[in-house]
Amino acid sequence: MLKFVGLFLLLPALVLCGPEENEGVRYASKCEACKILATELQARLSETGKSHDVIEVGYNVDDVKPRKRKEYRKSELRLLESMENVCDRILEYNIHKERKDSTRFAKGMSQTFQTLHGLVDKGVKVDLGIPLELWDKPSAEITQMKTQCETMVENYEEVIERWYNDKQDDVPLIKYLCEETVLKGNDPKCLYEALSDEQDKKKEKKEEL
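Residues numbered from 1 in each chain as written. Predicted model: local features only at pLDDT ≥ 70, side-chain atom pairs only at ≥ 80, totals over all residues. Heavy atoms only, no water.

Please set out the overall build of the protein chain residue by residue, giving values where relevant.
Counting secondary structure elements, the protein chain contains eight helices and six strands. Counting helices and strands in the order they occur from the N terminus, the protein chain gives β-α-α-β-β-α-β-β-α-β-α-α-α-α. Among the 209 residues that make up the protein chain, the fraction classed as buried is 36%. Nonlocal contacts in the protein chain, meaning residues at least 24 apart in sequence, comprise 64% of its contacts between residues at least 6 apart. Approximately 13,300 Å² of the protein chain is accessible, and the part contributed by carbon and sulfur atoms is 50%. (Helix = DSSP H or I, 4+ residues; strand = E, 2+ residues; numbered from the N terminus. Buried < 20%, exposed > 50% of the residue type's maximum accessible area, 1.4 Å probe, protein only. Contact = heavy atoms within 4.5 Å. Areas by Shrake-Rupley, 256 points an atom, 1.4 Å probe, with all protein chains shown as cover.)

Here it is as structure tokens:
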């Protein structure tokens, strides 16, 4: 037997009276958007950097002289392939509204929606004003941050290239691109916010359940 339970009675800690993406929308700051871009691009480069392939570069008119050979992991091609669609990875993120700092943007289902899905699985009827199949679609904040990311890639492409060619062994991208360039003169605090060990343990415990 299905039960209808009002969210205000059932979840007093949550201020939800409609779709999550339309309630208390707070778009990503420049710091948050740059942090996610740098994190995802660095991760993508780590993936592609494992290749030991050697590629041919350059062009010869007569096509007789051998072209230069270069390690893929040091090539411009690797950077281009890593940057391609890097902002699409943001769509894997969700808003975790129970967190107040930049860790509110994270992969995995938010604590709020874990609770709501759990209620549905138990037969409780929960009405958010949108169909169940749309609950896990990217929120307004996430789609907006993807746009912010794409704009940032376009505006700071040369900075990223300089880091890749000259600085990637010396300084993390998040510091070179975000702290020293995009946020120069502004508070970079959000760049280094991370989940505490206690929060990580709670997350792991919920995922096990």
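Explain the environment of L45 to me, using residue names and the numbers behind them.
Position of L45 relative to the elements: it lies in helix α2 (residues 30–48). Here L45 falls in the buried class, since its relative accessible area comes to 2%. Setting aside its immediate chain neighbours within four residues, L45 contacts R78, S82, W163 and Y164.

A description of the environment of E47 should follow, citing residues and the corresponding values.
Position of E47 among the secondary structure elements: in helix α2. Judged by its relative accessible area of 40%, E47 is partly exposed. Along the chain, E47 and S82 lie 35 residues apart, while their C-alpha atoms are 8.8 Å from each other.

Before we move on, can you summarise α2 with the specific residues and values?
If you check α2, its first and last C-alpha atoms are 27 Å apart, about what 19 residues at 1.5 Å a residue would give, namely 27 Å. For α2, the set of buried residues is C31, E32, A33, C34, K35, I36, L37, A38, E40, L41, L45 and T48. Residues of α2 that are buried sit in contact with α3 (76–83), β4 (93–95), β5 (105–107), α5 (140–155), α6 (157–167) and α7 (173–182). (Expected span 1.5 Å × (residues − 1).)

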